[in-house]
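So the chains spell out like this:
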Amino acid sequence: MDLDLLSNIFYAMVRTGTPLLLVALGELICEKSGVLNLGQEGMMLFGAVIGFIVALSTGNLWLGVLLAMSAGMLLSMLFAAVALGFNANQVATGLALTIFGVGLSTFVGAAWVGKPLAGFEPIAIPLLSEIPLIGRMLFAQDILVYLSFALFGLVAWVLLKSRIGLIIQAVGENPDAASAMGLPVLRVRTLAVLFGGAMAGLAGGYLSLAYTPMWAENMTAGRGWIALALVVFASWRVFRVLLGAYLFGLASIIHLVAQGIGLSIPSNLLAMLPYVATILVLVLLSRDAIKTRLFAPVSLGKPWQPGH
Amino acid sequence: MLLSLEPRGQQSRAMLWLSPLLAAVLTLCSGALLFALLGHDPLDTLHTLLIAPLADWYGVSELLVKALPILLCALGLAVAYQARIWNIGAEGQLLLGALAGSAMAIQIIDWDSRWALVWVVLAGVAAGAAWGGLTAWLRTQFNANEILTSIMLNYIALNLLLFFVHGPLKDPAGFNFPESAMFGDASRLPLVSEDGRLHAGLYFALLALVAVWVLLHKSFLGFQIKVLGLDRRAAGFVGFREKRLVWFALLVSGGLAGLAGVGEVAGPIGQLVPQVSPGYGYAAITVAFLGRLNPLGILFASLLMALLYLGGENAQMTMNLPQAITQLFQGMMLFFLLACDVLILYRPRLKLKWAQRTTNAEAMA
Amino acid sequence: MSSSPSVPRLQLSGISKRYPGCLANDRIDLSIAPGEIHALLGENGAGKSTLMKIIYGVTQPDSGEIRWQGEPLKMRDPAMARSLGVGMVFQHFSLFETLSVAENIALAMGAAAGTPKQLEPKIREVSQRYGMALEPGRLVHSLSIGERQRVEIVRCLMQDIKLLILDEPTSVLTPQEADELFVTLRRLAAEGCSILFISHKLGEVRALCQSATVLRGGKVSGHCIPAECSDLQLARLMVGDAEGLESSYPKAGGGLPRLRVDDLSWHNADPFGCTLSQIRLEVRSGEIVGIAGVAGNGQDELLALLSGETRLPRSERERISLDTQPIADLYPDARRKLGLAFVPAERLGHGAVPDMSLSDNALLTAFQQGLLSKGLIQRGKVRALADEIIQRFAVKTPDADAPARSLSGGNLQKFILGREILQNPKLLVAAHPTWGVDVGAAAAIHRALIALRDAGAAILVISEDLDELFQISDRIGALCSGKLSPLAATAETEAVEVGRWMAGEFAPLPPITSPLAAAAASLS
């Protein structure tokens, strides 16, 4: 394998890992606050289709990104209303959100399938992008990838250094105590869910505006679910989310590697790899039940209402 | 807050069954609103969607044909969900049942015996159960979250099916279309009546309905499953074997989905094609919840869901509406159901400003 | 506004609060002077916690007036309470285990107080001033229960505190630790801080508090000066004329050994849990053995090993035996078949399934009593059993179809205990049998246990309530960090001694003298 190929693989790894990173960061915040939102796939799809339609009709890519995020947030609001406001089972509500989002995006996007769009182009930063191996990976990406780096930094700072991070963690661990202390548990959780929605919408927008600038039914191909597994993989730690996202990105572009070393495997079998990798990772990381329990936010997925 | 929720103290039995009805009505209303917004006559569209498909016996038989796989998958899911095992993998288990059934049928394509069908059906059930068992194994052995593993297995199953239908199982005489050869007649499910496509899968579904009902409502095994679902600690406290129950629930769940899958390829389709299932396995999730995880409720819910599928096709043909209406309605219905379920445990109270003031005044007096 | 001694620090008048289905507080009056230690007495469900939440601003009263240093005000939320100088130490600590001591305190104090790092010096200073050593950087989950309580108290003392509310603070402490806490509280009071001390333990209220308000059924049943009242007078204010206040039961000697726990050691893989070492214990037929101890000292682990929720490998099955049959490797249902019955600490969610009917909950543990036929449930028989339990143990419920969740704590406990007793156990293990139960039900439960003992069953009771253990058990011991003290006849020992055991002050056990070891020794 030559350096060029490696450099290309690294570049594609980050590109492919970016949507996973974005969704997983949103879900991380959400789960840290104690809410399990399984609707990522639905929010991503809706974000992708809205972003695409807006960008294509207005010719403004950034407006597309903005509305993709709003679309994700809109769906997450539904989730928040039902799961937090009405105290419904979070697993069922998340599933409902995914089913709804898949249906809604297919419905809305029916007339837009296969239309071409000039999406975000890579911006190579002079000099830096010429560093061997990692130059392209870090400094020749499109602007949404750069944005994902910034958002990662923001989430990491919030969770590790800020008071907001403490509050989110407190609410996710023991909502009763947090409420007794005067923290607005439901408001914190709602905001976390909305943030997750915006990130999922952004990830969807990245897919339809930058990664493959077009719209196709179910174009997320399970990335929302993989991101959920990614949060488990990361043991709810933010740096591991970054690492995991790119590792999964690598697993998804393994066919590039296979081609590079001259293997020919049927594409349908290669397409399974990210999913198989997800299962393997879950197996490796969940084996120790006690450890998993230690890292998971204590109240994850448990409905909570203020009161006595 | 204008509307406030007040705990009832205990479940309202009436709301337990009214809530799915309310959800269905709300879905229809929102649907009508949506059609109106899109510039279609709402009543007309609803008629196309829900009434026109059932105009004749053929329509009714088509409804049953569509309801069968949904019913079988949802019955299996009900067993798993009663144990709070969130098997999202019915779709994959169905696909694998279809794949294995087809592989068997292609193997014995020239065998002209009644046993051919038995083998095909058994292969489908076994493959579905095995796919469900895989989730059980990952969960009991490695503690891996079954929601994520079962959904990953859905994607893997789909790709496996695509691989086989584009590769080893492709009909050599099929002009390179991704399809298998048509099965031999002996491997096909016989039709129930001359007109229509309703097939002997109906009997399997009815049998499964009764069996699941007895399991969940009469047997001690079903009791153990419910205890496991409601209260894992209590189940451990009295020594119910959690791992065995997880295995059982997922094997039953997978087996029934596999039966649904093989029923499709050996029934109405007659060969393996890439689009074996228009998302029956996912629809079954909504159906299981809508039917309250109760076999009878699931029966009605699966008929309703089948009607949505049928209506979606009809609306696409006659009004050029996207077929995704079906999925959209599914999602809406599940959402409305979960929202309405709040009424089971809570009583809604309109809390208007003046009302609050008077109660305060009363309390002071 | 000056806070001269004549103006009460806090004065409540006519406070009422209604929850759906119950009037939790009914026109309550209460007044606390500066520097006064005031007791709030009452049974579970008397309305103490509701009143406390109202004072701390967690909930709002429906009517009534709160005056703070003479000024009427509305306590909007805990933040407002804290800013006035009201501090609260919860019974179930409101701490976050995954955060450090300093982070916990910073969270409670609001953004203006500074970052955790900035607060560390002050935390050290305050904890030293009041004799409660604390390391600000430690994660809360690594702290003992006593240390966690210190965090809660220090958290309140970080601000200029005028009123400290403590909810059942001694329920998690050994008697010695409780004495240390009282020293701190008295010092605080001497500095002018008012203290509202919520408890149902009469002895410590008399030792600590200058005045008391007693609640019963949501109403004030009396104000008094504890030092001038007898236990019986206070108890009558708390519970009215309920029977069983003074009952004492004859002690029994016991017969043949039923349960034998032989050098049981068990390593807990959970770092938050407790590891058991060399537990040795014998319970004879016809006796009640009581095990005291502060929560988290191995009770849960021992109970799980006894019930079968935790099983040992086959090679170690001799560690626990029932009537000489080794059982440590058996599943709970197999142990039940041999005559073990079990009442776990948590009624809802462990001993009973909250959302299932009483009938189904009877089936839950009694399914081996001929209630099944060919794998199908015999509904008629199950129902008959449930009805019998309800009738024989006076369980107050509309019928056997009522969900377990709808019963009061005492009634559900009577049902669970009845369910176990009707299975004619040879050995009954009961954890905290009267926790959170009203006095009438507690007396009924004690009588049922004594009757079961007198019928020849062996009974092991694990409880945090030392008074209860002294009342009903024939022999007593204590668990401390996974080790069991020697057992002594209850009649010949005193609370002080058991208190020392609870703090871990007992000699290591003598070498093994089990028959097996003796036989091995004689062979060699």
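What counts, and where the lines are drawn
Residues numbered from 1 in each chain as written. Chains lettered and ligands numbered in written order. Predicted model: local features only at pLDDT ≥ 70, side-chain atom pairs only at ≥ 80, totals over all residues. Helix = DSSP H or I, 4+ residues; strand = E, 2+ residues; numbered from the N terminus. Rg over C-alpha atoms; globule rule 2.2 N^0.38 Å. Contact = placed C-beta atoms within 7 Å. Buried ≥ 20, exposed ≤ 12 C-beta atoms within 10 Å, placed from the backbone. Nonpolar A, V, L, I, M, F, W, Y, C, P; charged D, E, K, R; others polar. Pairing = 2+ DSSP bridges. Axes fitted to C-alpha atoms, helices over the stretch in contact; angles between N-to-C directions. Domains from an automatic or database assignment. Parallel < 35°, antiparallel > 145°, perpendicular 65-115°, else oblique. Left-handed = near helix turned anticlockwise from the far one by under 90°. pLDDT = per-residue confidence, 0-100. Arc of directions from axis to C-beta. Right-handed = clockwise from strand over helix to strand, strands pointing away. Expected span 1.5 Å × (residues − 1).

Caption draft 1: View of the overall build of chain B. Helix and strand content of chain B: 15 helices and 2 strands. On C-alpha atoms alone, chain B measures out to a radius of gyration of 23 Å, which is about the 21 Å that the 2.2 N^0.38 rule sets for 365 residues. Its C-alpha atoms give chain B principal-axis dimensions of roughly 90 × 60 × 35 Å. Pairs at least 24 residues apart make up 78% of the contacts formed inside chain B by residues separated by at least 6 positions.

Caption draft 2: Up close: the overall build of chain A. If you tally the helices and strands in chain A, you get 15 helices and 0 strands. Summarising its shape, the C-alpha atoms of chain A cover approximately 65 × 45 × 40 Å along the three principal directions. Burial analysis of chain A (308 residues in total) assigns 56% to the buried set. Looking at chain A alone, contacts between residues at least 24 apart form 79% of all its contacts between residues at least 6 apart.

Caption draft 3: Geometry of the interface of chain B and chain A. Listed per partner, the contact involves 37 residues of chain B and 39 residues of chain A. Those elements that place two or more of their residues in the side of chain B that touches chain A are α5 (115–142), α6 (146–166), α11 (280–290) and α13 (325–340) of chain B. In terms of residues, the side of chain B that touches chain A owes the most to one element, α6 of chain B, which gives 11 residues. Looking at the side of chain B that touches chain A residue by residue, the class counts come to 26 nonpolar, 10 polar and 1 charged.

Caption draft 4: Up close: the sheet that holds strand β7 (residues 163–167) of chain C. Residues and elements named next belong to chain C. The strand order across the open sheet formed by 6 strands is β6-β7-β8-β3-β9-β10, and the pairing between neighbours is mixed. Every other strand in the sheet has two partners, leaving β6 (86–89) and β10 (219–224) as the edge strands with one partner each. Pairs of neighbouring strands in the sheet enclose a mean axial angle of 20°, with direction left out of account. Pairing of β7 with strand β8 (residues 194–199), which is carried by 5 bridges, proceeds in the parallel orientation. Bridge pairing in β8 places L163 opposite S194. Packing of helix α1 (residues 48–55) onto the sheet brings it into contact with β3 (37–41), β6, β7, β8 and β9 (211–216), and relative to β7 it is tilted by some 150°. Where helix α5 (residues 145–157) meets the sheet, it contacts β6 and β7, and its direction lies at approximately 175° from that of β6.

Caption draft 5: Representation of the interface of chain A and chain C in the model. Every contact between the two is made by 13 residues of chain A and, on the other side, 18 residues of chain C. Mapped onto the side of chain A that touches chain C, the elements with two or more residues apiece are α7 (163–173) and α8 (175–180) of chain A. In terms of residue count, α7 of chain A provides more of the side of chain A that touches chain C than any other element does, 6 residues in total. Residue composition of the side of chain A that touches chain C, grouped by class: 7 nonpolar, 4 polar and 2 charged.

Caption draft 6: Focus on the environment of I153 of chain C. Here I153 of chain C is to be found in helix α5. Linking I153 of chain C and V437 of chain C, residues 284 residues apart in sequence, is a C-alpha distance of 28 Å.

Caption draft 7: Local environment of the pairing of strand β19 (residues 427–431) of chain C. All names here are of chain C. With 5 of 5 residues buried, β19 is to be regarded as a mostly interior element. Residues of β19 alternate between two faces, with L427, V429 and A431 on one and L428 and A430 on the opposite face, all of them buried. Alignment of β19 against strand β20 (residues 458–462), held across 5 bridges, turns out to be parallel. Bridge assignment links A431 to a residue of β20, and that residue is I462.

Caption draft 8: How the structure looks around the environment of V113 of chain A. All names here are of chain A. Within the fold, V113 resides in the loop between α4 (90–109) and α5 (135–139). Counting along the chain gives 101 residues from V113 to M214, while the straight-line C-alpha distance between them is 7.4 Å. Excluding residues that lie within four positions of it along the chain, V113 makes contacts with W215, A216 and E217.

Caption draft 9: Just the sheet that holds strand β15 (residues 325–326) of chain C, in detail. All names here are of chain C. One open sheet holds the 4 strands; their spatial order is β12-β11-β14-β15, and the pairing between them is antiparallel. Each of the sheet's edge strands pairs with one partner strand only, and the pair in question is β12 (276–284) and β15. Relative to strand β14 (residues 320–322), strand β11 (residues 257–266) runs antiparallel, the two sharing 3 bridges. Note that in β14 the partner of V261 across the bridge is I320.

Caption draft 10: Expanded view of the domain arrangement of chain B. Residue and element names in this part refer to chain B. Annotation of chain B at the domain level lists domain 1 (1–31 + 324–355) and domain 2 (58–319). If you look at the interface, domain 1 gives 11 residues, while domain 2 gives 11 residues. Where the side of domain 1 that touches domain 2 is concerned, the elements lending two or more residues are α1 (13–37) and α13. A total of 8 residues in the side of domain 1 that touches domain 2 trace back to one element, the largest contributor, which is α13. Of the residues in the side of domain 1 that touches domain 2, the class split is 8 nonpolar, 3 polar and no charged.

Caption draft 11: Up close: the packing of helix α3 (residues 57–82) of chain B against α11 of chain B. Residues and elements named next belong to chain B. At a closest axis distance of 8 Å, the pairing of α3 and α11 adopts a crossing angle of 55°. When the interaxial angle is binned, α3 and α11 end up oblique. Of the two possible hands of crossing, α3 and α11 adopt the one that is right-handed. Together, P69, I70, C73, A74, L77, A78 and Y81 of α3 and Y280, G281, A283, A284, I285, V287 and A288 of α11 make up the contact between the two elements. Looking at the contact of α3 with α11 residue by residue, the class counts come to 13 nonpolar, 1 polar and no charged.

Caption draft 12: Structural view of the confidence of the model for chain B. All names here are of chain B. Across chain B, the average pLDDT comes to 89, with 95% of residues at or above 70. A low-confidence stretch, residues 353–365 stays under pLDDT 50, and its non-local contacts, those more than four residues away or across chains, total 5 contacts. This prediction of the complex comes with two scores: 0.89 for pTM and 0.89 for ipTM.

Caption draft 13: Examining helix α2 (residues 42–51) of chain B more closely. All names here are of chain B. Residues T45, T48 and L49 constitute the buried set of α2. The buried residues of α2 occupy one face: seen down the axis, they fall within an arc of 90°. Opposite the buried face of α2, at more than 90 degrees from it, the exposed residues are L43 and D44. Against the buried residues of α2 lie α1 and α12 (295–319).

Caption draft 14: Spotlight on the pairing of β7 of chain C. All names here are of chain C. For β7, the buried fraction is high: 5 of the 5 residues fall into the buried class. Across the two faces of β7 the burial is the same, with L163, I165 and D167 and L164 and L166 all buried. Examined bridge by bridge, β6 and β7 share 4 bridges and lie parallel to one another. Pairing of G87 across the sheet is with L164, part of β7. Remark: the β7/helix α6 (residues 175–190)/β8 crossover connection has right-handed handedness.

Caption draft 15: Highlighting the packing of helix α3 (residues 101–109) of chain C against helix α4 (residues 116–129) of chain C. All names here are of chain C. The contact between α3 and α4 brings their axes to 9 Å, and the two run at 100°. As summarised for this structure, α3 and α4 are arranged roughly perpendicular, according to the angle between their axes. Here V101, A102, E103, I105 and A106 of α3 come into contact with α4, specifically with P116, L119, E120 and I123. Tallied by class, residues from the contact of α3 with α4 come to 7 nonpolar, no polar and 2 charged.

Caption draft 16: Spotlight on α6 of chain C. All names here are of chain C. When the terminal C-alpha atoms of α6 are compared, their 23 Å separation across 16 residues agrees well with the 22 Å that a helix rising 1.5 Å per residue should span. All of the buried residues along α6 are E177, L181, L185, L188 and A189. Down the axis of α6, the buried side of the element spans an arc of 115°, and every buried residue falls inside it. Among the exposed residues of α6, those oriented more than 90 degrees off its buried face are V183 and A190. Check the buried side of α6 and you find it contacts β3, α5, β7, β8 and α7 (202–208).

Caption draft 17: Representation of the environment of L46 of chain B in the model. Residue and element names in this part refer to chain B. Following the sequence through the fold, L46 ends up in helix α2. Classification of L46 as partly exposed rests on a count of 19 C-beta atoms within 10 Å. Residues L46 and F35, spaced 11 residues apart in sequence, show a C-alpha to C-alpha distance of 8.7 Å. In this view, L46 contacts L28, G31 and A32; residues no more than four positions away in its chain are not counted.

Caption draft 18: Representation of unusual backbone geometry in the model. Residue and element names in this part refer to chain A. Positive phi, close to 65°, is recorded for L133, a residue that is not glycine. Along the chain, the position of L133 falls in the loop between α4 and α5. Judged by the 14 C-beta atoms lying within 10 Å of it, L133 is partly exposed.

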